[in-house]
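# Close look at the chain arrangement
Here is how the chains run, residue by residue.
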Amino acid sequence: MRVFKLTTPKRGFMDVTGQVKEALSDSGFKDGLCAVFVPHTTAAVTINESADPDVRDDILLGLEKAFPDRKEFRHAEGNSHAHLKASAVGSSVTIMVENGSLVLGVWQGVFFCEFDGPRERKFMVKFV
Ligand code: ZN
């Protein structure tokens, strides 16, 4: 298992496709599955468009609208909206590996999603 660390902004999507490809290249793994896992409760990982950075900003805006902070929330840390976004987006993605390459669509990238930064974060990559 490979562990990557990153320092995140308050909110945002960070393109980690390069790190996942680096982990694959270093492993020598050729065929199977790549799991990317985020071990946090207010951050997530997703696959979406990497060509136009406006897309990730629009997804974040949509999530802010769908899961706003609410005065009814009881969690004392005050970041329930971030927990909701993290659960909705998910803590892992699986990518097929074929002939030593990630099977991603031409527009796709892998994104670490921060909903309650800035923080020191990490994510794991494993090939099976
Ligand atoms: Zn919390």
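Whatever comes next refers back to the structure up there.
Residues numbered from 1 in each chain as written. Predicted model: local features only at pLDDT ≥ 70, side-chain atom pairs only at ≥ 80, totals over all residues. Heavy atoms only, no water.

A separate point is the packing of aromatic side chains. This structure, assessed with the given rule, holds five aromatic pairs. Pairing Phe 13 with Phe 111 gives two aromatic rings, centres 6.4 Å apart and planes at 40 degrees, and the pair type is tilted. You can see Phe 13 sitting in strand S2 (residues 12-15) and its partner Phe 111 sitting in strand S7 (residues 108-114), a full 98 residues away along the chain. On the basis of relative accessible area, Phe 13 is assigned to the buried category, the value being 11%. Summarising the aromatic geometry, the rings of Phe 13 and Phe 115 are spaced 6.4 Å apart at their centres and angled 75 degrees between planes, so their arrangement reads as edge-to-face. Residue Phe 13 is found in strand S2, and its partner Phe 115 is found in the loop between S7 and strand S8 (120-127); the two are separated by 102 residues along the sequence. On the basis of relative accessibility, which here comes to 0%, the residue Phe 115 falls in the buried class. Taken together, the aromatic side chains of Phe 4, Phe 112 and Phe 123 make up a single cluster linked through ring pairs. (Phe/Tyr/Trp six-rings, centres within 6.5 Å; stacked < 30°, edge-to-face > 60°. Helix = DSSP H or I, 4+ residues; strand = E, 2+ residues; numbered from the N terminus. Buried < 20%, exposed > 50% of the residue type's maximum accessible area, 1.4 Å probe, protein only.)

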